[in-house]
Amino acid sequence: MKKQAWLPLLVFLVLVGFLAVGLRLDPRDLPSPLIDRPAPQFALPSVDAMDQVRDSGDLRGQVWLLNVWASWCVACRQEHGALMDFAAQESVPLYGLNYKDRHGDAVRWLRERGDPYVDSFFDGEGRVGIDFGVYGVPETFLIDREGRIRYKHAGPLTPELLRDTILPLIGALGA
Amino acid sequence: MRRAWGIAAGLVLACGLNLSLAAGREARPLAEDPALEARVMEIAEDLRCLVCQNETLAASHAGLAVDLRAQIRERLAAGEDRAQIIDFMVARYGDFILYRPPFQPNTWVLWVGPFVLLALALAIMARVIRQRREQGTGDEASFDEEAPS
């Protein structure tokens, strides 16, 4: 009888355990199947010069960051400072993927807030975004020398995330 | 002069009508082909909208859902079949995009868990009932023994 009296408490504790873990899970943070896979190849016009088509294959042989952004994206405002700081550190090249934006708005955004990107690819229809499995803006991808995606973050970047996660990863990739 | 104005007004009206017709067509891209649209929706029913996660791609009005439905439409028109399109989506967005999770090692708990819990609950219930019955007869016996005094 004494053993059975503990049973409800045990069930309760197990339930608490599940709920505690559940509270910490972020349903927005989905695992990407693209991790450690080759990054999708694409050729898109540059936001700076729309008549110039740039090929992502040209970036092979170096570690680089791809940040998906848009002028209509509110959370992008939040991370912009962190991106500007990152660019100032000159660790690896930061490229932008301007996702489903209007070109004029994108140019104005970069002029008003500063341009942390070496270059931004203009993905007006969002097709390259779909290839990268983008489901919300901003998202950031770390791509290695062989052109594989090594890390993905959905949501705005923070100085802490850059310092504690992304920069060490870049270091580990030998850049 | 009045006639010229009339013509001008007519032209303006015609342009406006044209524009509104064009806009109407753009809102429903392939309404001319309801059979294709039905197949698009049939596939979209089984896919999850990643923006509003508890909706299917078919039900969602999110921008991404509209884009992904357009992808399905294009791929069907290009002759791809359902399995190829589902593979295309899973390769980009992972298993999460499947509204019905596949039965594989990391989802075994999800699929089997409820039945295990049910079996466990039934087992506990059976044990409790058996114990009560045994205790019940025991109590009666002791009561009977004490009763005569």
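All of these numbers come straight from a predicted model, not from anything done at the bench.

Chemist: If you had to explain the overall build of chain B to someone new, which residues and values would you point to?
Modeler: Each helix and strand in chain B was counted, giving five helices and zero strands. Starting at the N terminus and ending at the C terminus, chain B contains elements arranged as α-α-α-α-α. Residues counted as buried form 14% of the 149 residues belonging to chain B. In chain B, the share of contacts with a sequence separation of at least 24, taken over all contacts with a separation of at least 6, comes to 42%.

Chemist: Describe the pairing of strand β7 (residues 149–154) of chain A, with residues and values.
Modeler: All names here are of chain A. Here strand β6 (residues 139–143) pairs with β7 via five bridges, running antiparallel. When the bridges of β7 are listed, T140 appears paired with H153. Counted between consecutive antiparallel strands, the loop separating β6 from β7 contains five residues, among which G147 sits at a positive phi close to 85°.

Chemist: I'd love a proper account of the sheet that holds strand β3 (residues 64–69) of chain A, names of residues and values included.
Modeler: All names here are of chain A. Strand order in the open sheet formed by five strands is β5-β4-β3-β6-β7, and the pairing between neighbours is mixed. In this open sheet, the two edge strands, each paired with only one partner strand, are β5 (119–123) and β7. Here the strands of the sheet are splayed against their neighbours by 20° on average, with no regard to which way each runs. Pairing of β3 with β6 involves five bridges; the strand directions are antiparallel. If you follow L65 over to β6, its bridge partner there is L142. Packing against the sheet, helix α5 (residues 159–172) makes contact with β6 and β7, and its axis sits at approximately 165° to β7.

Chemist: Report on the interface of chain A and chain B, specifying residues and quantitative values.
Modeler: The partner chain B presents 13 residues to the 11 residues of chain A that form the contact. The residue inventory of the side of chain A that touches chain B, partitioned by class, reads six nonpolar, four polar and one charged.

Chemist: Tell me what's going on with unusual backbone geometry, and back it up with residues and numbers.
Modeler: Residue and element names in this part refer to chain A. Residue P138 follows V137 across a cis peptide bond; omega there is 0°. Mapped onto the fold, P138 is located in the loop between α4 (127–131) and β6. For E90, which is not glycine, the phi dihedral falls at a positive 50°. Along the chain, E90 falls in the loop between α2 (74–89) and β4 (94–99). Non-glycine residue K100 carries a positive phi angle of around 45°. Its location among the elements puts K100 in the loop between β4 and α3 (103–113). A count of 19 C-beta atoms within 10 Å places K100 in the partly exposed class.

Reading guide: rules and limits
- Residues numbered from 1 in each chain as written.
- Chains lettered and ligands numbered in written order.
- Predicted model: local features only at pLDDT ≥ 70, side-chain atom pairs only at ≥ 80, totals over all residues.
- Helix = DSSP H or I, 4+ residues; strand = E, 2+ residues; numbered from the N terminus.
- Buried ≥ 20, exposed ≤ 12 C-beta atoms within 10 Å, placed from the backbone.
- Contact = placed C-beta atoms within 7 Å.
- Pairing = 2+ DSSP bridges.
- Axes fitted to C-alpha atoms, helices over the stretch in contact; angles between N-to-C directions.
- Nonpolar A, V, L, I, M, F, W, Y, C, P; charged D, E, K, R; others polar.

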